[in-house]
Amino acid sequence: MAPTDPLLSECLRQQKPTKEEEPEGLSWKDKPLHGMYHRQIEEVADIEKTYQWLTKAGLKDSTEALIMAAEEQALSTRAIEARVYHTRQDPRCRLCGDAPETVQHITAGCKMLAGKAYMERHNQVAGIVYRNICTEYGLEVPGTRWGTPPKVVENKQAKILWDF
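Residue numbers here run from 1 along each chain, matching the order of that chain's written sequence. With pLDDT at 70 or above as the cut-off, local features in this predicted model cover only qualifying residues; side-chain atom pairs require 80 or more to be listed or tallied, and sums for whole chains, interfaces and linings still use all residues. Side-chain metrics rest on all non-hydrogen atoms present in the structure, leaving aside hydrogens and water.

As recorded in an unreviewed UniProt entry, the protein chain goes by Reverse transcriptase zinc-binding domain-containing protein and comes from Takifugu flavidus.

See below:
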């Protein structure tokens, strides 16, 4: 209704910045938080290949947004709540209590998760690679993707070792 309603048109006009107010060429990459991960990897990685999986994954918008927020370290962790939102006093990890609870700490640095959770995550990814190699070389593919593969599988073309 905005084009025909003068009041709505005026409200929309006032909400949009004028050309003088808009910084020239400013994008999400230029924002301090939302462009941080992109700026860090663009010097060392091929951006198109880095995000290729994301463009072909067919994810829901909300799932993609969550993944991007995690990459940008913008999930609501204790460190973010303490340093950005100022709603928490203690930024330390709720599991180990040593380091600030950041996305990086949770995914790769918490000593409480190192023993089991990181290994489970590693083995899930390795299991996918294992199954693909079995398929590629005509080896017997394990019946379930959740079970532990046999330690050694081989034929005339290949030999695959698991967890050595």
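**Student:** I would appreciate a short explanation of the confidence of the model for the protein chain in the present structure.
**Tutor:** Caution is warranted with low-pLDDT regions, since their predicted coordinates should not be read in detail. When pLDDT is averaged along the protein chain, the result is 84, and 87% of the positions lie at 70 or above. The quantity called pLDDT is the predictor's confidence in a given residue, expressed from 0 to 100. Numbered from the N terminus, helices here are DSSP runs of H or I no shorter than four residues, and strands are runs of E no shorter than two. Least confident of the elements in the protein chain is helix H1 (residues 6-15), whose mean pLDDT is 72; most confident is strand E2 (residues 159-161), at 93.

**Student:** In this structure, what is going on with the nonpolar core? I would like to understand it.
**Tutor:** One recurring pattern in soluble globular proteins: nonpolar side chains tend to sit buried together. In this structure, Tyr130, Cys134, Leu139, Val153, Ala158, Ile160 and Trp162 together form the largest nonpolar core, which totals seven residues. Look past the residues within four positions of Tyr130 in its chain and what remains in contact with it is Pro142, Pro149, Pro150, Val153, Ile160 and Trp162. We define a nonpolar core as any set of buried Ala, Val, Leu, Ile, Met, Phe, Trp, Tyr and Cys residues linked to one another through side-chain atoms lying within 4.5 Å. Throughout, exposure labels follow a simple rule: accessible area from a 1.4 Å probe, protein chains only, divided by the maximum for the residue type, with under 20% read as buried, over 50% as exposed, and the rest as partly exposed. One finds Cys93, Cys96, Cys110 and Leu113 within the second-largest nonpolar core, a separate group that totals five residues. Residue contacts follow a heavy-atom distance rule, with two residues in contact if any of their heavy atoms lie within 4.5 Å.

**Student:** For this particular structure, what's the right way to read helix H9 (residues 117-136)?
**Tutor:** The periodicity of an α-helix, 3.6 residues per turn, causes residues three or four positions apart to be oriented the same way. Here H9 spans 29 Å end to end across 20 residues, near enough to the 28 Å set by a 1.5 Å rise per residue. Those residues of H9 that sit buried are Tyr118, Gly127, Tyr130 and Cys134. Projection of H9 onto a plane perpendicular to its axis shows the buried side chains occupying an angular sector of 165 degrees, all on one side. With respect to the buried face of H9, the exposed residues turned more than 90 degrees away are Val125, Ile128, Asn132, Thr135 and Glu136. In the stretch just after H9, Gly138 is the one whose phi turns positive, near 70 degrees. The span expected for a helix works out to 1.5 Å for each residue beyond the first. The arc in question is the one traced by the directions running from the helix axis out to the C-beta atoms.

**Student:** Looking at this structure, how should I read a nonpolar patch on the surface?
**Tutor:** Residues form patches when they are more than 30% accessible in relative terms and have no salt bridge. Like charges link within 9 Å. Nonpolar side chains (Val, Leu, Ile, Met, Phe, Trp, Tyr) link within 5 Å. To measure how exposed things are, a 1.4 Å probe is used in the Shrake-Rupley method; for residues, cover is taken only from the protein chains shown. Think of a salt bridge as a Lys or Arg side-chain nitrogen and an Asp or Glu carboxyl oxygen that are within 4 Å of each other. On the surface, Val125, Val129, Ile133 and Tyr137 cluster together into a nonpolar patch covering about 330 Å² of accessible area. Tracing the chain through its elements places Val125 in helix H9. Residue class for Val125 comes out exposed when judged on its relative accessible area of 52%.

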